[in-house]
Amino acid sequence: MKVLIVDDEEMIRGVLREYVEFEGGTAFEAADGMQAVKMCREGDFDIILMDVMMPRLDGFSAVKEIKKIKDVPVIMLSARGEEYDKLFGFEIGVDDYVTKPFSPKEVMARINAVLKRRCGDENKDVITFEGLTIDMIGRNVFVDGEKAELTPKEYEILFYFVKNKGIALTREKLLMDVWGFDFYGDDRTVDTHIKMLRANLKQYRKFIVTLRGLGYKFEV
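Okay, so let's go over this structure.

How each quantity is defined
- Residues numbered from 1 in each chain as written.
- Predicted model: local features only at pLDDT ≥ 70, side-chain atom pairs only at ≥ 80, totals over all residues.
- Heavy atoms only, no water.
- Helix = DSSP H or I, 4+ residues; strand = E, 2+ residues; numbered from the N terminus.
- Buried < 20%, exposed > 50% of the residue type's maximum accessible area, 1.4 Å probe, protein only.
- Salt bridge = Lys/Arg side-chain N within 4 Å of Asp/Glu carboxyl O.
- Core = buried A, V, L, I, M, F, W, Y, C linked by side-chain atoms within 4.5 Å.
- Contact = heavy atoms within 4.5 Å.
- Pairing = 2+ DSSP bridges.
- Arc of directions from axis to C-beta.
- Phe/Tyr/Trp six-rings, centres within 6.5 Å; stacked < 30°, edge-to-face > 60°.

## Some remarks on unusual backbone geometry
- Along the chain, Lys100 connects to Pro101 via a cis peptide bond; the corresponding omega equals -5°.
- Summarising the element assignment, Pro101 is placed in the loop between strand 5 (96-99) and helix 5 (104-121).
- Of note in this structure, Asp144 is not a glycine but carries a positive phi near 50°.
- Position of Asp144 among the secondary structure elements: in the loop between strand 8 (140-143) and strand 9 (146-147).
- Classification of Asp144 as partly exposed rests on a relative accessible area of 47%.

## Digging into the pattern of salt bridges
- Inspection of every chain in the model, using the stated rule, returns 16 salt bridges.
- Salt bridges sharing common partners tie together Arg13, Arg17, Glu21 and Glu29.

## As for the nonpolar core
- Ile134, Val141, Leu158, Phe161 and Leu174 are the most contacted members of the largest nonpolar core, which has 30 residues in total.
- Put simply, the parts of the chain that give this core at least two residues each are strand 6 (126-129), strand 7 (132-135), strand 8, helix 6 (152-163), helix 7 (171-179), helix 8 (187-201) and strand 12 (215-218).
- In terms of residue count, the dominant contributor to this core is helix 6 (7 residues).
- In contact with Phe161, not counting residues within four places along its chain, are Leu169, Leu174, Ile194, Ile208, Tyr216 and Phe218.
- Residues Leu4, Met54, Val63 and Val72 belong to the second largest nonpolar core, which totals 22 residues.

## Some details on the pairing of strand 7
- When strand 6 meets strand 7, the two strands line up antiparallel, connected through 4 bridges. Residue pairing for strand 7: Phe129 is matched across the bridge by Leu132.
- What sits between strand 6 and strand 7 in their antiparallel hairpin is a turn of 2 residues, with Glu130 showing a positive phi close to 55°.
- Across 4 bridges, the pairing between strand 7 and strand 8 is antiparallel. Of the residues in strand 8, the one forming a bridge with Thr133 is Phe142.
- Between strand 7 and strand 8, which pair antiparallel in sequence order, lie 4 residues; one of them, Arg139, sits at a positive phi of approximately 55°.

## Thoughts on helix 3 (residues 59-69)
- Within the span of helix 3, buried status applies to Gly59, Phe60, Ala62, Val63 and Ile66. In an axial view of helix 3, the angular spread of the buried residues amounts to 155°, which keeps them on one side of the axis.

## A word on the packing of aromatic side chains
- Considering all chains together, one arrives at 8 aromatic pairs under this definition.
- Between the aromatic rings of Phe28 and Phe45, the centroid separation amounts to 5.3 Å while the plane-to-plane angle is 70°, which identifies the pairing as edge-to-face. Placement of Phe28 in strand 2 (residues 26-30) and of Phe45 in the loop between helix 2 (33-42) and strand 3 (47-51) is noted, with a sequence separation of 17 residues between them.
- Look at Phe60 and Phe88: their rings are 5.1 Å apart centre to centre, the planes differ by 85°, and that puts the pair in the edge-to-face class. With Phe60 in helix 3 and Phe88 in helix 4 (residues 83-91), this residue pair connects regions lying 28 residues apart in the sequence.
- Using a relative accessible area of 23% as the deciding quantity, one classes Phe88 as partly exposed.

## Examining the side chain of Arg13
- Looking at the secondary structure, you find Arg13 in helix 1 (residues 10-22).
- Note on Arg13: relative accessible area 11%, which makes it buried.
- When residues no more than four places from it in sequence are discounted, the contact partners of Arg13 are Ile5, Asp7, Asp8, Glu29, Ala30 and Ala31.

So this is what it looks like as structure tokens:
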């Protein structure tokens, strides 16, 4: 879980970072909206904690800019609890709203709830990542509208990647979960099949990231 914490108060960023890391996540910090937008252009995050009142660029403006380039869930953090602010936040695509002062435990609970909802959205029958469309029920994959001819095992690997999006997967785990306990092959089997899968996905092979010395991760 990669969390971007955006707040002009260093102490608040530090407290939230501690809780994110305690739950096994990775925290990144930005001191204002402009820095947050820049970081989102350069990298991907699973969720953003965004303060409203900040110098240079306020939280609402930053969210509008980020939503133009990334579909990432956002939880707003604000000392202002007015209904208008909350409604405006939801209108621009904010997923949740936490009023200061808040409990860090509550913020973590909100993060988990938002990510769980997002994960549920991706359990639908047809999933699209840019020009890559995956029909989970029909077992069809389309690359820019053209059907990709995958082998049954390539389908299984891709569907497994999608269901575990953003999670580092070792070769051993892939062998166990995709091939099964009774398979007696080795790591090279995984690498060979993923090489063929990547070739069939063409430019969207970029979503299958190699983790040197470990395995792979499906990252969008």
